[in-house]
Amino acid sequence: MITPVLLCGGSGTRLWPLSRKSYPKQFVPLIGEETLFQASAKRLSGEGYNEPVIVTNADFRFIVPEQLLEVGIDPGAILIEPDRRNTAPAVLAAALYLAEKDPDALMLVAPSDHVVPNADAFRAVVKIGEAAAKEGKLVTFGIEPTHPETGYGYLELSDCLGADKARAMSLERFVEKPDLPDAEKMVASGKFLWNAGIFLFSAKAIIEAFKKHAPNLMEPIEHSVRKAVPDLGFLRLEPESWAKAEDISIDYAVMERADNLAVVPFSAGWSDLGDWGAVWKESERDDKGVALSGNATSIDCSNSLLRSEAEGLEIVGVGLNNVLAVAMPDAVLIADASRTQDIRKAVDALKEKKVRQAEAFPLDHRPWGWFESLVVGGRFQVKRIVVKPGAALSLQSHHHRAEHWIVVEGTAKVTIGAESKLLTENQSVYIPLGETHRLENPGKVHMVLIEVQTGSYLGEDDIVRYEDIYSRD
């Protein structure tokens, strides 16, 4: 049996404004109805696979099980990183966790934000790599290039691919992202594959590789895993030791130094959806090369992507060529399709301006549901709040604001001070400044209410929590 290890702590800034630090691309349905994370989990499930081990951070800990359960997958262990330390510490933590139960456990490490249209073909190449992994090899999966690409790293094979590709091959070296002339030479040689960042090995083999090639990571990560604390079904890695670990990728820490590597080629379609150009390539396009999504209309456009992610917001392109246009409720991106790599610069510029949209998603996801700001004024704010069935907000109070709640869908159980009561559609209640209160959804459908806040300060940090079923501070 193979245990998938899904890494889902990245931020995906090149897909801004849809992907942001608070809600990155792996949790968004970029291609099709499912999110990339859900599609990744389904691809690595079924016969021959154990429940997945997830490595993520605290911001996403409630999103992960919710999205897995939506597609019928029971989550296994969910390891919570205290902060981002790149892929090497994450992989080592997962390996140490699995090795406690079975040192020979095979672990398939994969990013959770890739697109692989042919899941059966991918599982078939994993099966090919399984024998090599059982022999102690560190197996990686390389993508047969379709064109010279400067946005990916490469894997150099010892020999040309040849006709027999269904086998584990010897790997000569890892190659950094090349310039275009070098990429053209590598693709023409037939000896190079794209580095997909997907690996298969036993827990014992990768731990030994860390001991040999990255020993400085062993002590802090071992201590962090050993002192991890269970919390509501999650496993919180110990933060002080974790903070001492180097911020480094698995490629740099181990793979580029190891001598027991093997690679299995894969040629049935793959994309890391690293930028909007990649999304355009994976999307359905009309005969003029235009990809439309959501409330989007094209008039005499060509080779463009028009995407509306806002309910009731129509995006219209007229006479556009080679343009990317993505509309969100709070931000719009318009870019030349040849400049997709520069979108990260735009995010950096917004951060310097301290613009909220640089990192914060318009919907704020919480373990109980989500909310969005509809109108923000000097001393007031209007929100839409959606609470999942059976969920409850914390018992809390505010120093600087009072609140009015109007239920517009479902039933709410409202606690104010020592009194609790049920509110149904079109009923409302007032919560005075400083009063303890709680909102719950006792029903079987989502409850929606409109919240009107008034006061001198309306920030989310003006919350004093007294009780919380989700153990938030």
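Just so we're clear, the structure is a prediction, and the values are computed from it rather than from any experiment. Each chain has its residues counted from 1, running along the sequence as written. Reporting of local features is limited, given that this is a predicted model, to residues whose pLDDT is at least 70; pairs of side-chain atoms are given and counted only at 80 or more, and all residues count toward the totals for whole chains, interfaces and linings. No hydrogens and no water enter the side-chain calculation; it runs on all heavy atoms of the structure.

**Digging into the overall build of the protein chain**
Okay, step 1: Within the protein chain, the secondary structure is distributed over 11 helices and 28 strands.
Okay, step 2: C-alpha atoms define the radius of gyration in this analysis, and the globule rule sets the expected value at 2.2 Å times the number of residues to the power 0.38. For the protein chain, the C-alpha radius of gyration of 24 Å lies close to 23 Å, the compact-globule estimate for 473 residues.
Okay, step 3: Each principal axis of the C-alpha atoms in the protein chain carries an extent, and together these give about 75 × 60 × 40 Å.
Okay, step 4: Exposed residues in this analysis have more than 50% of their type's maximum accessible area, buried residues have under 20%, and partly exposed residues fall in between, with area computed by a 1.4 Å probe over protein chains only. In the protein chain, buried positions account for 52% of the 473 residues.
Okay, step 5: Working definition of accessibility: Shrake-Rupley area with a 1.4 Å probe, residue cover restricted to the visible protein chains. Accessible surface, the protein chain as shown: approximately 21300 Å² in total, 49% of it carbon and sulfur.
Okay, step 6: Put simply, the protein chain has 51 plus and 69 minus side-chain charges, and the middle of one group is 2 Å from the middle of the other. Strands are runs of DSSP state E lasting at least 2 residues, helices are runs of H or I lasting at least 4, and numbering of each runs from the N terminus. Neither His nor the chain ends contribute to the count of charged residues, in which Lys and Arg are positive and Asp and Glu negative. To locate a charge, take NZ of a lysine, CZ of an arginine, CG of an aspartate or CD of a glutamate.

**Re the packing of helix H1 (residues 36–43) against helix H2 (residues 63–70)**
Okay, step 1: Closest axis-to-axis distance for the H1/H2 pair is 9 Å, and the angle between their directions is 60 degrees. Between H1 and H2, the angle is such that the two are oblique. When you trace H1 past H2, the crossing you get is right-handed. In contact with Phe37, Gln38 and Ala41 of H1, H2 contributes Val64, Gln67, Leu68 and Glu70.
Okay, step 2: Under the scheme applied here, ten amino acids are nonpolar (Ala, Val, Leu, Ile, Met, Phe, Trp, Tyr, Cys and Pro), four are charged (Asp, Glu, Lys and Arg), and all others, including Gly, are polar. Residue classes in the contact of H1 with H2 are distributed as 4 nonpolar, 2 polar and 1 charged. Only the stretch in contact is used when a helix axis is fitted, and all axes are lines through C-alpha atoms; the angle between N-to-C directions ranges over 0 to 180 degrees. Put simply, angles under 35 degrees are roughly parallel, angles over 145 are roughly antiparallel, angles from 65 to 115 are roughly perpendicular, and the rest are oblique. Handedness of a crossing is defined here by the sense of rotation of the near helix relative to the far one, left-handed for an anticlockwise turn of less than a right angle and right-handed for a clockwise turn. Two residues form a contact once any of their heavy atoms are found within 4.5 Å.

**Remarks on the domain arrangement of the protein chain**
Okay, step 1: In this document the domain limits rely on a domain assignment from an automatic tool or a database. Split by domain assignment, the protein chain resolves into domain 1 (3–266), domain 2 (276–353) and domain 3 (363–467).
Okay, step 2: Relative to domain 2, the C-alpha centre of domain 1 lies at a distance of 29 Å.
Okay, step 3: With 13 residues of domain 1 at the interface, the matching set in domain 2 holds 17 residues.
Okay, step 4: Taking both sides of the interface into account, the surface hidden between domain 1 and domain 2 amounts to around 1500 Å²; carbon and sulfur atoms contribute 63%.
Okay, step 5: Just to be clear on terms, a salt bridge is a Lys or Arg side-chain nitrogen sitting within 4 Å of an Asp or Glu carboxyl oxygen. Remark: the boundary between domain 1 and domain 2 carries 1 salt bridge.
Okay, step 6: In this structure, arginine 20 engages aspartate 330 in a salt bridge whose closest nitrogen and oxygen atoms are separated by 2.8 Å.
Okay, step 7: Any pair of N or O atoms that falls within 3.5 Å is considered a polar contact. Within protein, one atom must be able to donate a hydrogen and the other to accept it, and sequence-neighbouring residues count only if both atoms are side-chain atoms. Our enumeration of links across domain 1 and domain 2 arrives at 6 residue pairs in polar contact (both at pLDDT 80 or more).
Okay, step 8: Partitioned by chemical class, the residues of the side of domain 1 that touches domain 2 number 9 nonpolar, 2 polar and 2 charged. Accessible area that two parts lose when put together, evaluated with a 1.4 Å probe and summed over both, is termed the buried area.

**Describing the side chain of serine 249**
Okay, step 1: Within the secondary structure layout, serine 249 lies in the loop between helix H8 (239–243) and helix H9 (250–255).
Okay, step 2: Take serine 249: its relative accessible area is 15%, and that puts it in the buried class.
Okay, step 3: Within polar-contact distance, the side chain of serine 249 engages the backbone nitrogen of tyrosine 252 at 3.2 Å.
Okay, step 4: Leaving out residues up to four positions away in the same chain, serine 249 has contacts with Asn86, Thr87 and Ala88.

**Things to note about the sheet that holds strand S16 (residues 323–327)**
Okay, step 1: The sheet built from 4 strands is open, its strands ordered S12-S14-S16-S17 with mixed pairing. Two strands in the sheet have a free side with no partner beyond their single neighbour: strand S12 (291–293) and strand S17 (332–336). With strand direction ignored, the average angle separating the axes of adjacent strands in the sheet is 5 degrees.
Okay, step 2: By the bridge criterion, 4 bridges tie strand S14 (residues 305–308) to S16 in an arrangement that is parallel. Pairing of leucine 306 across the sheet is with alanine 325, part of S16. At least two bridges found by DSSP between two strands are what make those strands a pair.

**Observations regarding the side chain of serine 308**
Okay, step 1: Examined against the element boundaries, serine 308 turns out to sit in strand S14.
Okay, step 2: Classification of serine 308 by relative accessible area gives buried; the value is 7%.
Okay, step 3: Of the polar contacts made by the side chain of serine 308, one reaches the backbone oxygen of leucine 313; its length is 2.6 Å.
Okay, step 4: Here serine 308 is in contact with Ser293, Gly294, Asn295, Leu313, Ile315 and Ala327, once residues within four sequence places are set aside.

**As for the packing of aromatic side chains**
Okay, step 1: Here is the rule: rings of Phe, Tyr and Trp (six-membered ring for Trp) pair when centre to centre is within 6.5 Å. Planes less than 30 degrees apart are stacked, more than 60 are edge-to-face, and the remainder are tilted. Tallying each qualifying case throughout the model produces 12 aromatic pairs.
Okay, step 2: Between the aromatic rings of tyrosine 23 and phenylalanine 361, the centroid separation amounts to 4.9 Å while the plane-to-plane angle is 40 degrees, which identifies the pairing as tilted. One end of the pair, tyrosine 23, is in the loop between strand S1 (2–7) and H1; the other, phenylalanine 361, is in the loop between helix H11 (343–352) and strand S18 (363–366), with 338 residues separating them in the sequence. Residues tyrosine 23 and phenylalanine 361 agree in their burial class; the two are buried.
Okay, step 3: A centroid spacing of 6.3 Å and a plane angle of 45 degrees characterise the contact between tryptophan 194 and tryptophan 270, whose relative ring orientation is tilted. Of the two residues, tryptophan 194 sits in strand S8 (residues 192–202) while tryptophan 270 sits in the loop between strand S11 (261–266) and helix H10 (276–282), which places them 76 residues apart along the sequence.
Okay, step 4: What links up through ring pairs into an aromatic cluster is the set Tyr23, Phe27, Phe37, Phe60 and Phe361.
Okay, step 5: We call a charge positioned over a ring when the NZ of a Lys or the CZ of an Arg lies within 6 Å of the ring centre and within 35 degrees of the ring normal. Here arginine 285 stacks its cationic end above the ring of tryptophan 280, 4.3 Å away from the centre of that ring.

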